[in-house]
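One-letter residues, chain by chain:
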Amino acid sequence: MKGHPKVTVLQHRLLHYRVELFERIRLECERRGIQFRLVHGQPSHRESLRKDTGVIAWADRVRNRWIPVLARDLLWQPLPRELRDSDLTVIMQENRILSNYPLLLKRYFGGTRIAYWGHGKNFQSEAPTGLRERWKSFWLTQVDWWFAYTNLTKRILVEQGVPEDRITCLDNAIDDDAFIAELRNASDATLEAISSQLGLAPGSPLAIFCGSIYPDKRLDLLADAAERIHAAIPAFRLVVIGDGPSRPGLEARLAGRDWARCVGVEHGPRKAAYFKLAKVVLNPGVVGLHVLEAFCAGLPLFTTTNDKHGPEIEYLEHGKNGFVISGGAEAYADAVISLLRDRARYAAVAAAAREAARAYTLDNMVRNFVQGIQTFLDSDAKAPARRA
């Protein structure tokens, strides 16, 4: 391999919570003599409404071409000419990115080696055995390397025939350093003010839900379970942090309950204050990266068995650092009540949650990503193209 090896990562849009990840990867790659390049475009019109993009001055910004087809947006993202000779090009595992397919095919004829970065499957698919998922599965083994979100993704890949030694498990994470600092620095005045607003007596249990509010979050179960918990523990309070299309319905469902309220989106010190006051996080629906916020705050998170969880559900170990409950609102509420009434068990689960926070960090993810790049470059992956 002549000169410094070049590795290019393609992102169809740059999410704000990935900025620090790429900044750190670039620095570590430079330290190892690896040229790291990042290519990204712009969000689709539908995605732009989320206002979740970030900025990196050194990234290669290209003009995406979006093709609306019914309720989906297909994408063609150009690859700058000077990056087409990269030793490894990392692409996102998404069916809709049409520009991926020429890259996948060209690898058989001397083109850049290709790695996938993804979940392994669509965890939110309404038709897991349908054509789209079969198409995605077909391409799983047609790459030279894999960057898997979690060990759950890794197991999916191995079951589908991807060699284990061609998979890097990233342990997907975000930068929680600021949130941890805000937890540590939450002022007594802020904590007292919020407690007063909620009617939260010292030592009384507060549960929080924090995230986007939409149907897959199983909000009816949340409300029904909260009713049962409050009936058993009258001092119990519930705060729902976040916003989304299902918020009006949830507010109507909780109307007249002085022990429950929806506070909308919260950021910074005030959000951290709610987490510091809380005893548990209740999220009976889809769980993803936000499990890490619960861990950082040392809070047991309660969810349910659900095929639509993100791959980060792997981090939640039932009965150890959180709970994954089978059954409806009664079983869910009983599990929460049981833990809140058992101080010794609660302390053990909270301690395990804090320990998990130290394992799933952005530093760890950067280390895994760069080591995966290094392992690929050091391996025989530069041999003539072949099926993985």
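What follows covers a nonpolar patch on the surface. A contiguous nonpolar patch, built from Ile67, Val69 and Leu70 and spanning about 310 Å² of accessible area, is present on the exposed surface. Relative to the helices and strands, Val69 resides in strand β4 (residues 65-69). On the basis of relative accessible area, Val69 is assigned to the partly exposed category, the value being 38%.

Here the focus is helix α5 (residues 151-159). Since the α-helix advances by 3.6 residues per turn, residues separated by three or four positions end up pointing in the same direction. When we look at burial in α5, the residues that qualify are Leu152, Thr153, Lys154, Ile156 and Leu157. For α5, the secondary structure elements touched by its buried residues are β7 (114-118), β8 (145-148) and β9 (167-169). Where α5 begins, one side-chain oxygen reaches toward the backbone nitrogen of Leu152, 3.1 Å away; that side chain belongs to Thr150. At the C-terminal side of α5, Gly161 shows a positive phi close to 100°.

Bringing the pattern of salt bridges into the picture now. According to the stated counting rule, one finds 28 salt bridges in the structure shown. For the salt bridge of Arg24 with Asp363, the shortest nitrogen-to-oxygen distance reads 2.4 Å. Taken together, the residues Arg24 in helix α1 (residues 19-31) and Asp363 in helix α14 (residues 362-378) connect sequence positions 339 residues apart. A relative accessible area of 18% places Arg24 in the buried class. The partner of Arg113 in a salt bridge is Asp144, with the nearest N and O atoms 2.9 Å apart. Taken as a pair, Arg113 in the loop between α3 (100-106) and β7 and Asp144 in the loop between α4 (131-139) and β8 lie far apart in primary sequence, 31 residues in all. Using a relative accessible area of 7% as the deciding quantity, one classes Arg113 as buried. Overlapping salt bridges bring together Arg13, Glu47, Asp52, Glu94 and Arg96 as one network.

The subject of this paragraph is the environment of Phe22. Within the element layout of this structure, Phe22 appears in helix α1. Since its relative accessible area comes to 0%, Phe22 is described here as buried. Distance from Phe22 to Ile56, taken between C-alpha atoms, is 8.7 Å for residues 34 residues apart in sequence. In this structure, Phe22 is in contact with Val9, Gln11, Leu14, Phe36, Leu38, Ile56, Trp58 and Trp117, ignoring residues within four places of it in sequence.

Here we take up the confidence of the model for the protein. Predicted confidence across the protein gives a mean pLDDT of 94, with 97% of residues reaching 70 or more. Below pLDDT 50 for its whole length, residues 384-388 participates in 16 contacts with residues either more than four positions away or in separate chains.

This part covers the nonpolar core. Generally speaking, a soluble globular protein has its nonpolar side chains buried in company with each other. Membership of the largest hydrophobic core comes to 76 residues, with the highest contact counts inside it found for Phe236, Leu238, Val240, Phe275, Leu282, Phe295 and Phe302. It is helix α12 (residues 329-341) that provides the largest number of residues to this core, a total of 8 residues. Beyond its immediate chain neighbours, meaning those up to four positions away, Phe236 contacts Pro205, Ala207, Ala226, Ile229, His230, Trp259 and Leu282. One finds Val7, Leu38, Ala115 and Phe369 within the second-largest nonpolar core, a separate group that totals 33 residues.

Cut-offs and rules
Residues numbered from 1 in each chain as written. Predicted model: local features only at pLDDT ≥ 70, side-chain atom pairs only at ≥ 80, totals over all residues. Heavy atoms only, no water. Patch = residues over 30% accessible without salt bridge, like charges linked within 9 Å, V, L, I, M, F, W, Y side chains within 5 Å. Areas by Shrake-Rupley, 256 points an atom, 1.4 Å probe, with all protein chains shown as cover. Salt bridge = Lys/Arg side-chain N within 4 Å of Asp/Glu carboxyl O. Helix = DSSP H or I, 4+ residues; strand = E, 2+ residues; numbered from the N terminus. Buried < 20%, exposed > 50% of the residue type's maximum accessible area, 1.4 Å probe, protein only. Contact = heavy atoms within 4.5 Å. Polar contact = N/O pair within 3.5 Å; in protein donor to acceptor, adjacent residues only side chain to side chain. pLDDT = per-residue confidence, 0-100. Core = buried A, V, L, I, M, F, W, Y, C linked by side-chain atoms within 4.5 Å.

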